[in-house]
Amino acid sequence: MTNNVVHNTDQRRYEILVDGILAGFAEAHEDGDVVTMPHTEIFEQFEGQGLGSELVSGALDDIRVRGKKIVPTCSYVERFVQKHRDYADLVA
């Protein structure tokens, strides 16, 4: 099983693909140097595999590399950042 997190700029979101199949997404609305993350969703058939955490960490890693900050309005992203303090510096 191969998982990939990709930035789909047309859809304004990060997506996680499992063996090429879309398994979920995290919305990422960019405004200058700030990315608002209002919603994260893993599709039911893919739940319980840790994909939400993998998706959010992949998205945050990409956002960091691109020199942007986040506004985590999604409760999942907010809890993730609180639990993984190494991402706290990304919060705008």
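Residues numbered from 1 in each chain as written. Predicted model: local features only at pLDDT ≥ 70, side-chain atom pairs only at ≥ 80, totals over all residues. Heavy atoms only, no water.

## Overview of the overall build of the chain
For the chain, the helix and strand inventory stands at 2 helices and 7 strands. A compact globule built from 92 residues should have a C-alpha radius of gyration of about 12 Å, and the chain, at 12 Å, falls within 12% of that. Once the C-alpha set of the chain is aligned to its principal axes, its extents read approximately 35 × 30 × 20 Å. Contacts spanning at least 24 positions in sequence make up 40% of the contacts within the chain whose residues lie at least 6 apart. When the accessible area of the chain is evaluated, it comes to approximately 5100 Å², of which 46% is carbon and sulfur surface. Placing the 9 positive and 16 negative side-chain charges of the chain at their respective mean positions leaves the two points 6 Å apart. (Helix = DSSP H or I, 4+ residues; strand = E, 2+ residues; numbered from the N terminus. Rg over C-alpha atoms; globule rule 2.2 N^0.38 Å. Contact = heavy atoms within 4.5 Å. Areas by Shrake-Rupley, 256 points an atom, 1.4 Å probe, with all protein chains shown as cover. Lys, Arg positive; Asp, Glu negative; His and termini not counted. Charge placed at Lys NZ, Arg CZ, Asp CG, Glu CD.)

## Re the pairing of strand β1 (residues 3-8)
Pairing of β1 with strand β2 (residues 13-18) involves 6 bridges; the strand directions are antiparallel. Bridged to Asn8 within β2 is Arg13. The antiparallel pairing of β1 with β2 creates a hairpin that spans 4 residues between the two strands, and Arg12 there sits at a positive phi of about 60°. (Pairing = 2+ DSSP bridges.)

## Thoughts on the packing of aromatic side chains
Remark: the centre distance and the inter-plane angle together describe each pair of aromatic rings, the angle taken between the planes. Within this structure, the stated rule accounts for 2 aromatic pairs. When the ring of Phe80 is compared with that of Tyr87, the centres are 5.7 Å apart and the planes differ by 40°; the resulting orientation is tilted. Considered together, Phe80 and Tyr87 belong to a single accessibility category, that of buried residues. Over the ring of Phe25 we find Arg13, and its NZ or CZ is 4.5 Å from the ring centre. (Phe/Tyr/Trp six-rings, centres within 6.5 Å; stacked < 30°, edge-to-face > 60°. Buried < 20%, exposed > 50% of the residue type's maximum accessible area, 1.4 Å probe, protein only. Lys NZ or Arg CZ within 6 Å of the ring centre and 35° of its normal.)

## Description of unusual backbone geometry
In the Ramachandran plot, Arg12 falls in the positive-phi region, its phi being about 60° despite a non-glycine side chain. Positionally, Arg12 belongs in the loop between β1 and β2. The class for Arg12 is partly exposed, based on a relative accessible area of 44%.

## Focus: the sheet that holds strand β4 (residues 29-31)
Strand order in the open sheet made by the 3 strands is β4-β5-β7, with mixed pairing throughout. Every interior strand has two partners, whereas the edge strands, β4 and β7 (69-71), have only one. Pairs of neighbouring strands in the sheet enclose a mean axial angle of 30°, with direction left out of account. As paired strands, strand β5 (residues 34-36) and β7 are joined by 3 bridges and run parallel to one another. The residue of β7 that forms the bridge with Val34 is Lys69. (Axes fitted to C-alpha atoms, helices over the stretch in contact; angles between N-to-C directions.)

## Looking at the side chain of Asn8
Relative to the helices and strands, Asn8 is located in strand β1. A polar contact is formed between the side chain of Asn8 and the backbone nitrogen of Gln11, at a distance of 3.0 Å. At a separation of 2.9 Å, a polar atom in the side chain of Asn8 contacts the side chain of Glu15. (Polar contact = N/O pair within 3.5 Å; in protein donor to acceptor, adjacent residues only side chain to side chain.)

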